[in-house]
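Report on the structure
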Amino acid sequence: MPAVSKLVPEETVFFLCDVQTRFKNLIFGIDELVLTINKMLKIAKALEIPVVVTEQNPKGLGNTIPEIDLPSLGPLLVATIAKGLFSMMTPEVKAILHERPQIKSVVLFGIESQVCVLQSALDLIEAGYNVHVIADGVSSSNKEEIPFALARIRQSGGYITTSESAAFQLQRDAGVPGFKSFSNIMKEEKDSTVRTSQKMLRHRSFL
């Protein structure tokens, strides 16, 4: 029987991988990608889920694009870490995870699917974490690479999901006090979710 991994807010961290200014005009569906990422950041804030951000060689590739609303996270933004390693599993990120032994699941989104996202996922799986990759929250400069990267992650034990599905898994219960705020986010994001799904998921349907 396949393993089952459920997302639990208290045991989850969000990883945002390398969505930087130099890539802005190169990435397939960048506008829709940003919509998904900002939706995930709203979910992080509503459910108090910490967020770790990396930037690949920011001196050459720039910082995280300003359209991504990192300031809204406040203290939930654990760190923005510069890296040379393609994987997000740098010594600094490993230390952050080590300081939070309750973390079992990593929700991963960003770019590029076949390089930094893939290598991050494989390293996290190897380290024993349950990795949930947001299919409408990853992209590449070559869209044909995306489904193969997601398939590789899935073959290695990762979970491929969507922003909508992951959000509702994390919320779990419509009867809790915080549901109204969560519900408002999902209503606000409805049109964006349709737009991003149509753009970002149609090339990934064979998974």
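Keep in mind it's a predicted model, so treat the numbers as computed, not measured. Once a new chain begins, its residue numbering starts again from 1 and follows that chain's sequence as written. Side-chain atom pairs in this predicted model are given and counted only at pLDDT of 80 or more, local residue features only at pLDDT of at least 70, and totals for whole chains, interfaces and linings cover all residues. Calculated side-chain values reflect all of the structure's heavy atoms, with hydrogen atoms and water omitted.

Examining the state of the cysteines
Simply put, disulfide is the name for a covalent bond between the sulfur atoms of two cysteines. Our working definition: Note that a disulfide, as used here, is simply two cysteine sulfur atoms within 2.5 Å. Each residue is placed in one exposure class: buried if its accessible area under a 1.4 Å probe, protein chains only, is under 20% of its type's maximum, exposed if it is over 50%, and partly exposed if it falls in between.
According to the stated counting rule, one finds 0 disulfides in the structure shown. Distance from the sulfur of Cys-116, which forms no disulfide, to the nearest cysteine sulfur (Cys-17) is 4.9 Å. Among the residues examined, Cys-116 registers a relative accessible area of 7% and is labelled buried.

Digging into the nonpolar core
Across soluble globular proteins, nonpolar side chains show a tendency to be buried alongside one another. For clarity, the cut-off: As used here, the term nonpolar core means buried Ala, Val, Leu, Ile, Met, Phe, Trp, Tyr and Cys residues forming a set that is joined through side-chain atoms within 4.5 Å. Only DSSP runs of H or I reaching four residues or more are called helices, and only runs of E reaching two or more are called strands; each is numbered from the N terminus. It only takes one pair of heavy atoms within 4.5 Å for two residues to be counted as in contact.
Among the nonpolar cores identified, the biggest contains 62 residues, and Phe-14, Phe-15, Val-19, Ile-43, Ile-68, Leu-97 and Leu-108 are the most heavily contacted of them. Sorting elements by how many residues they give to this core places helix 1 (residues 30-47) first, with 9 residues. The residues contacting Val-19, other than those within four sequence positions of it, are Ile-30, Leu-33, Ile-37, Asn-63, Thr-64, Ile-65, Ile-68, Gly-110 and Ile-111.

A short note on the environment of Pro-177
Looking at the secondary structure, you find Pro-177 in the loop between helix 6 (163-171) and helix 7 (179-188). A relative accessible area of 84% means that Pro-177 is categorised as exposed. Considered as a pair, Pro-177 and Gly-158 are 19 residues apart in the sequence and their alpha carbons are 31 Å apart.

Details of the side chain of Ser-105
On the secondary structure map, Ser-105 appears in strand 4 (residues 105-111). Owing to a relative accessible area of 2%, Ser-105 belongs among the buried residues under this scheme. Residue contacts for Ser-105: discarding those within four places in its chain leaves Ser-5, Lys-6, Leu-7, Glu-11, Thr-12, Val-13, Asn-130 and His-132.

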